[in-house]
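In case you want the letters, here they are:
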Amino acid sequence: MLRLVMLGVFLVASSPVVSFAEDVKLGYVDLQRALNETEDGRKAKANLKKVFDQKQKELDEQQEDLKKAVEDLDKKRTLMPPDKVREKEAELQGRMQKVQQTYLRHQQDLQAKEQEATGKIFERMNKIIFKIAQAENFTMILDKTQSAVLYAKPHLDLTNELIRRYNSGEGADGAGGKPSPTASAPPAKK
């Protein structure tokens, strides 16, 4: 009897371990590329560029005025009394700080406008990615730009599918957020 128990333990111990883990299926998307290649993304970028150009023009004008004032002071420095020179330098220092504050304010404003413009686009893209993941049984889908994917086989790149679905209107809030019957169908093979 002891021999049978020992034989059973030996057979169990020497048999290959049965794995109960599910198959892992990975994919990735380049959200930045998708943003740049979707219609809404291009419109958002164009609008942001207009706002940026306007703010940059205002900042350039302020910097140019300050530069002229500094050059003017440098030309007149020797003709002015020292207390007037210090007064002018303090005034120019104050103007320089205002230009720097304007720059920082513009940076913050542009950042807020970019988040506002792209936030809804990325939210919609996430809905589409979720549908793709469920339909094709992906374990994980990574963002190429955020997850430091250094190499992945091209067939794992879902960016083109994401762009195609986004531009076709999928994920837009009009259907109440419920997937349409065609949205749950797996995408065409590449």
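Residues numbered from 1 in each chain as written. Predicted model: local features only at pLDDT ≥ 70, side-chain atom pairs only at ≥ 80, totals over all residues. Heavy atoms only, no water.

Chemist: Looking at this structure, how should I read unusual backbone geometry?
Modeler: In most cases, non-glycine residues show a negative phi, while peptide bonds are predominantly trans. Although it is not a glycine, Asn137 sits at a positive phi angle of roughly 60°. Within the secondary structure, Asn137 is located in the loop between helix H4 (82–136) and strand S2 (140–143). Given the relative accessible area of 56%, Asn137 is considered exposed. (Helix = DSSP H or I, 4+ residues; strand = E, 2+ residues; numbered from the N terminus. Buried < 20%, exposed > 50% of the residue type's maximum accessible area, 1.4 Å probe, protein only.)

Chemist: Explain the environment of Thr159 here, please?
Modeler: Of note, Thr159 is situated in helix H5 (residues 159–167). With 132 residues separating them in the primary sequence, Thr159 and Gly27 have C-alpha atoms 9.6 Å apart. Once residues within four sequence positions are removed from consideration, Thr159 is found in contact with Tyr28, Val29, Asp30, Arg33 and Ala34. (Contact = heavy atoms within 4.5 Å.)

Chemist: In this structure, what is going on with a negative patch on the surface? I would like to understand it.
Modeler: A cluster of acidic side chains, namely Glu58, Asp60, Glu61, Glu64, Asp65 and Glu71, defines a negative patch on the protein surface. When you line up the elements, Asp60 lands in helix H3 (residues 39–76). Judged by relative accessible area, which is 37%, Asp60 ranks as partly exposed. (Patch = residues over 30% accessible without salt bridge, like charges linked within 9 Å, V, L, I, M, F, W, Y side chains within 5 Å. Areas by Shrake-Rupley, 256 points an atom, 1.4 Å probe, with all protein chains shown as cover. Salt bridge = Lys/Arg side-chain N within 4 Å of Asp/Glu carboxyl O. Lys, Arg positive; Asp, Glu negative; His and termini not counted. Charge placed at Lys NZ, Arg CZ, Asp CG, Glu CD.)

Chemist: Where do I start with the pattern of salt bridges in this structure?
Modeler: Two side chains of opposite charge can pair, provided their charged atoms sit close to one another. By the definition in use, this model includes 13 salt bridges. Here Arg33 and Glu37 are joined by a salt bridge, their closest N and O atoms 3.1 Å apart. Of the two residues, Arg33 and Glu37 both sit in helix H2 (residues 31–37), 4 residues apart, roughly one turn of that helix. Classification of Arg33 by relative accessible area gives partly exposed; the value is 24%. You can call Glu37 partly exposed: its relative accessible area is 33%. The partner of Arg33 in a salt bridge is Asp157, with the nearest N and O atoms 3.8 Å apart. Here the residue Arg33 occupies a position in helix H2, and Asp157 occupies one in the loop between S2 and H5, the gap between them amounting to 124 residues. Connected via shared salt-bridge partners are Glu161, Arg164, Arg165 and Glu170.

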